[in-house]
Structure formats: C-alpha cells, structure tokens
Amino acid sequence: MDYQDKQIVIVGAGSTGRSLARFFLERGAQVVLSDCRLAECFDDFSELNSLGVRLDLGGHTQDLFAAADLVAVSPGVPLDIPVLSVCRDRDIAILGEVEIAWHELSGRLIGITGTNGKSTVTSLVGEMLKAWGQKVFVGGNLGVPLIDAVGMDYDWQVVELSSFQLETIDAFRPHYAMLLNISEDHLDRYPDMTSYVAAKQRIFENQREDDVAILNYDDPMVQCCATDLRSRKVYFSSRSVLEEGMSLVDDRIIWRCNGQETLFPVAELQIRGRHNQENVMAALMPLLLAGCPAEIAWGAAIKFTGLKHRMEYLGKLNGADWYNDSKGTNIGSVVKSLAGLEKPVILIAGGKDKQGDLSGLIEPIREKVEQLILIGAAAGRMAETFAGLTRIHRIDSMHAAVGLAAHYSRPGATVILSPGCSSFDMFENFAVRGEIFAREFRALTGHGEAVNGN
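What counts as what
- Residues numbered from 1 in each chain as written.
- Predicted model: local features only at pLDDT ≥ 70, side-chain atom pairs only at ≥ 80, totals over all residues.
- Heavy atoms only, no water.
- Pairing = 2+ DSSP bridges.
- Helix = DSSP H or I, 4+ residues; strand = E, 2+ residues; numbered from the N terminus.
- Axes fitted to C-alpha atoms, helices over the stretch in contact; angles between N-to-C directions.
- Contact = heavy atoms within 4.5 Å.
- Phe/Tyr/Trp six-rings, centres within 6.5 Å; stacked < 30°, edge-to-face > 60°.
- Buried < 20%, exposed > 50% of the residue type's maximum accessible area, 1.4 Å probe, protein only.
- Lys NZ or Arg CZ within 6 Å of the ring centre and 35° of its normal.
- Parallel < 35°, antiparallel > 145°, perpendicular 65-115°, else oblique.
- Left-handed = near helix turned anticlockwise from the far one by under 90°.
- Core = buried A, V, L, I, M, F, W, Y, C linked by side-chain atoms within 4.5 Å.
- Salt bridge = Lys/Arg side-chain N within 4 Å of Asp/Glu carboxyl O.
- Arc of directions from axis to C-beta.
- Nonpolar A, V, L, I, M, F, W, Y, C, P; charged D, E, K, R; others polar.
- Lys, Arg positive; Asp, Glu negative; His and termini not counted.
- Polar contact = N/O pair within 3.5 Å; in protein donor to acceptor, adjacent residues only side chain to side chain.

Novice: I tried to follow the sheet that holds strand E6 (residues 108-113) on my own but got confused; where do I start?
Specialist: Strand pairing in a sheet takes place through backbone hydrogen bonds and is either antiparallel or parallel in direction. The mixed open sheet is built from 9 strands, whose spatial order is E7-E8-E6-E9-E10-E11-E12-E13-E14. Both edges of this open sheet fall to strand E7 (136-140) and strand E14 (260-265), since each of them pairs with a single strand only. Taken over all neighbouring pairs, the strand axes of this sheet differ in orientation by 15° on average, direction set aside. Both E6 and strand E9 (residues 176-179) contribute to a ladder of 4 bridges, which runs parallel. From the neighbouring strand, Thr113 faces E9, where its bridge partner is Leu179. Lying over the sheet, helix H10 (residues 274-289) contacts E6, E9, strand E10 (212-216), strand E11 (232-237), strand E12 (245-249), strand E13 (252-257) and E14, oriented at roughly 150° with respect to E11.

Right, here's the structure in full:
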C-alpha cells in the first residue's frame, strides 16, 4: 500500500502507536500521534519528534482527524469515541495495527484468539516452530506489535489476537486461525456477550477453503462460531475421543489425522493442569498439519515451563506454595486456575471491575478457598457476591494483601494471586501487578525488598 505524503492519524501513543508511527514515517507519510492522555503519562517523545511526528495529546483534535487519509487505531481504543464518528461520516478509513501490518507481510500466519490461554498457546507455537528450524515472529497482543514484523524475512508469524484487535480488521486472513474458548470478559467494553463473541469470530471471516480453523470441541460458544466457516475445521477435545483431531484420553494426548495416530504422554509435560494440556493440544495442531515431525513439536512442548504471571510458581513460604497468576484477568481464567489446585487455597483477587458475571466462581470458592483477600475497585461487588462462602478480607494495597496471605498460610495450603479483573485501577498493567506481588513474596522469604504503596 502507498502511504507516500498521506495524512495519517494514529490513535494511542503507547508502544503500538509508536511502532505504527515509525512504520508510516519510513513510507513517507505525514503522521499525527493522538492520545487523550497528557505527555507526562508517557516516556520521552524526543525520538518521534526528531522524525517529524506531530503530537496531539490531552484530547483528540477533530480537525486533524477530519483531514486524515487514514486513521490507525491502537488495540484497546474504543471505536465509539466521538472523533471516530466524524471519520466515518467523512468515509475516512479506520484500520487497526494488525490489518495494516498484514498487508505488508510474507510467510504464513497463525492467528490465536480466545478468552483464556492465548499467550501460552502463542508462545508454545513459537517455540515449536523455532525447534523445527523456522524463522518465527511471535507477538501481537502478547507483546511485540505485529507491525514490527514488517520488512523482516520470517517464515511464520504467530500472533495473539484480542477481541479489540479483531474489531478493526478488514481483509486480514490467517492461514491457521485458532479459537481456544469463549467465556464472559470485557463487558465493560461490550454491551453484551453477543458483541464480544462476534468480535472473536471475526478471526475466521476472511479464511478460504485451503485455510484451517482450529477449534475447541468442548466449548459450545466456539461450536456456534464454527457453523458457517469456509475453512477446514479441525478440533481438539479434553472430554471426547475424536475420530479426527486431538483428544486427551487418560494420560495421553492422541492425534488422529488422515488415518494416522500419534500418541503423546502427558506426564512428560512440565506445565500442569487440564487447561495447560488443552493449550498444548491446540499448539501442536498447526505444527503437525504443516508437516513438522511429531517428535520435534513434542520435544519443544515438554521443555516449555510456562509464562510469567500465568500460574507462575514462586516458591514456598510458611510451608505453602505461592503462585503468581496476575494474567488471570477474567472469571473464567480464575476458575481454570483453581481447578488445578487442592484446598485449602488463599486467593488474592480483585482489580478494575469488568462488570462480568461472578457466579462462576461461587462453587470453586466454596469448595477450595479458605481465605479470600480482595483488592481494588471490584472488591465491594466481589465481597457481596461471595459473602458467606468463606472468610473475606478487603485490603487496600498489594503489600497488605501479601502480608495477610502470609499470616494465614501454612503447610499444605496454596496462596495464589488470580485477580479475575484487569489491573488498571491500581497498576500500569497485569505484568506490573504480578511483579509487585512476586517482589513482596521475595521480601518475606528474605530474597528481595518489599514494594511500598500499591
């Protein structure tokens, strides 16, 4: 696509917005970087200023948008902000970073979405492809923007895709598209579940007959999304034995395809829990379909120890096991994490309230959680919903929450930070929240310093 001398407005001045700015500048465009936040909320803009980027901070100047040839939207920017309505009225194209990048890429692309497990599966697929000797980009919603892959000679792009990113695609077409699961999330952004599901479903809309859709056979919402796909459908299941596809049967993963059967022993995996076994099944499928030898893909799977902030084992304190699950930002994720633990559990939860249904946590808390420590803006609603199920404590900082968890911990117990909420009421992001939790833990074990404040 030709961007020479085009007027481009980028919405969002975070890492993705800055990567987009560099991309357009290299192609001769005139670039405005617009954000409702003030300059002091960001790192230094001197590099972009020196390259000629115009900054529009502290609000969105309507005249700049009205004069644009293209508006590029960073992930997470609501599409109903007033200035974008002005662009629609003037038929100005509004595209997301993923769509813009896709037009410039070579190599095959694997797109991965779902409510839970995206980052783990994306990382696993990347490790398997590297073990196969492929040159691989791994990123998207996981961290590095896809636009940073443009101009690089990758064999594959493995891209985690959020519902926000999928809202702004147009022609984007992954050769392999995964929908791992769907549970309630982001209802502070979407008016209802139907809208959220529709955004996830868009990952398949441009696929053709020679593309592949990898789907969770056990998830009824995923099944509904798969009814009218043009692409080849391949399923994985941890509950049913499939004649074709990937199944979990007792202590083995079974891959059946084109009359052949391959077995993988679950006991060899370092990552634990049913949800992680499902993640491994999903990750194996594009590799095996693409011709990667099973022993190479499985070899990478059994070396994988998991991601930071996702059921990350920190160690023992007072005889209890401590886990950092800060990436558990929705209720479905917390349910999956608790399912892999034995009681008694001391659970630290709460954060920015996404206004989702909390009822899915009622039975897991009743059955396993001995102490429920609540932080953040959602603490009040969570305390009300879970009243009478266990002992509940409302705490105003991570420092105090970790201290209280340590007070109640004992041999055989598990302490876990699994918030079920986003982090933005108290922390910059889930990673900062998890790092602070881990540093507080290390301070109590004598291996680090406590963190003041939140």
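Novice: Before we go on, may I ask you to explain the packing of aromatic side chains in this structure?
Specialist: What characterises a pair of aromatic rings is the spacing of the ring centres plus the angle enclosed by the ring planes. As enumerated under the stated definition, the model contains 12 aromatic pairs in all. Geometrically, the ring pair formed by Tyr217 and Tyr235 is edge-to-face, given 5.5 Å between the ring centres and 85° between the ring planes. Pair noted here: Tyr217 is in the loop between E10 and helix H9 (220-225) and Tyr235 is in strand E11, with a separation of 18 residues, a long-range link. Note on Tyr235: relative accessible area 17%, which makes it buried. Taken together, the aromatic side chains of Tyr3, Phe23 and Phe24 make up a single cluster linked through ring pairs. Across from the ring centre of Tyr154, 5.8 Å away, lies the NZ or CZ of Lys135, which sits over that ring. Over the ring of Phe430 we find Lys327; its NZ or CZ atom is 5.2 Å from the centre of that ring.

Novice: I'm lost on the packing of helix H6 (residues 118-131) against H10 in this one. Help?
Specialist: A packed helix pair is summarised by two numbers, namely the angle formed by the two axes and the spacing between the axes. Following both chains from N to C, one finds H6 and H10 inclined at 45°, their axes separated by 9 Å at the closest point. Comparing the axis directions of H6 and H10 gives the class oblique. Handedness of the crossing formed by H6 with H10: right-handed. Where H6 abuts H10, its residues Thr120, Val121, Leu124, Val125, Met128 and Leu129 lie against Asn276, Asn279, Val280, Ala282, Ala283, Leu284, Pro286 and Leu287.

Novice: Where do I start with the nonpolar core in this structure?
Specialist: Side chains that are nonpolar tend, in soluble globular proteins, to be buried together. The biggest cluster of nonpolar side chains holds 54 residues, and the ones touching the most others in it are Ile10, Phe24, Ile100, Leu146 and Leu215. Looking at this core, the element that brings in the most residues is helix H1 (residues 15-26), giving 5 residues. Apart from residues no more than four positions distant in its own chain, Phe24 is found in contact with Tyr3, Ile8, Ile10, Ala29, Val31, Leu70, Ala72 and Ile100. Trp255, Val266, Ala283 and Ala300 belong to the second-largest nonpolar core, a separate cluster that totals 42 residues.

Novice: Where do I start with the pattern of salt bridges in this structure?
Specialist: Should the charged atoms of two oppositely charged side chains come close, the side chains can pair. Per the counting criterion, the structure on display carries 16 salt bridges. The shortest N-O distance in the salt bridge between Asp353 and Arg381 comes to 2.8 Å. A residue pair is termed long-range when its members are at least 10 positions apart, and Asp353 in the loop between strand E17 (345-349) and helix H13 (362-368) and Arg381 in helix H14 (residues 379-385) qualify at 28 residues. For Asp353, a relative accessible area of 16% puts it in the buried group. By sharing partners, the salt bridges in this structure join Arg173, Asp210 and Asp211 into a single network.

Novice: Explain helix H11 (residues 294-303) here, please?
Specialist: Helical geometry: 3.6 residues make up each α-helical turn, so side chains three or four residues apart lie on a common side. Of the positions making up H11, those classed as buried are Ala294, Ala297, Trp298, Ala300 and Ala301. Mapping the buried residues of H11 onto a view down its axis gives an arc of 155°, with all of them on the same face. The exposed residues of H11 that point more than 90 degrees off its buried face are Glu295 and Lys303. On the buried face of H11, the contacting elements are H6, E13, E14 and H10.

Novice: Which parts of the structure should I look at to understand the pairing of E7?
Specialist: For a regular strand, side-chain orientation follows a simple rule: the groups alternate between the two sheet faces. With 4 of its 5 residues buried, E7 lies for the most part within the structure. The pairing of E7 with strand E8 (residues 156-160) spans 5 bridges and is classified as parallel. Across the sheet, the residue bridging to Gly140 is Glu160, located in E8.

Novice: Explanation requested: the packing of helix H15 (residues 398-408) against helix H16 (residues 430-445) in the structure shown.
Specialist: At their nearest, the axes of H15 and H16 sit 10 Å apart, and the two run at 45° to each other. Taken together, the axes of H15 and H16 lie oblique to each other. Crossing angle aside, the handedness with which H15 passes H16 is right-handed. Residues Met398, His399, Val402 and Ala406 of H15 touch H16, and the partners they reach there are Arg433, Ile436, Phe437, Glu440, Phe441 and Leu444. Within the contact of H15 with H16, the residues separate by chemical class into 7 nonpolar, 1 polar and 2 charged.

Novice: Help me understand the environment of Gly434 in this model?
Specialist: For Gly434, the position within the fold is in helix H16. A residue is classified by how much of its surface remains accessible, and Gly434, at 0% relative accessible area, is buried. In this structure the C-alpha to C-alpha distance between Gly434 and Asn324, which are 110 residues apart in sequence, comes to 6.2 Å. Aside from chain neighbours lying at most four places away, what touches Gly434 is His309, Asn324, Ser326 and Leu417.

Novice: Explanation requested: the side chain of Asp56 in the structure shown.
Specialist: By secondary structure assignment, the location of Asp56 is in strand E3 (residues 54-57). No salt bridge is formed by the buried Asp56; the nearest opposite charge belongs to Arg54, separated by 6.9 Å. A polar contact of 2.8 Å, which involves the side chain of Asp56, links it to the side chain of Ser34.

Novice: Sorry, what's going on with the side chain of Lys368 here?
Specialist: In this structure, Lys368 sits in helix H13. The side chain of Lys368 is buried and forms no salt bridge, while Glu342, the nearest opposite charge, is found at 5.6 Å. Engagement of the side chain of Lys368 in a polar contact is seen with the backbone oxygen of Leu338, the distance being 2.8 Å. In this view, Lys368 contacts Leu338, Ala339, Gly340, Leu341, Lys343, Pro344 and Val345; residues no more than four positions away in its chain are not counted.

Geometric values such as these leave the question of function open.
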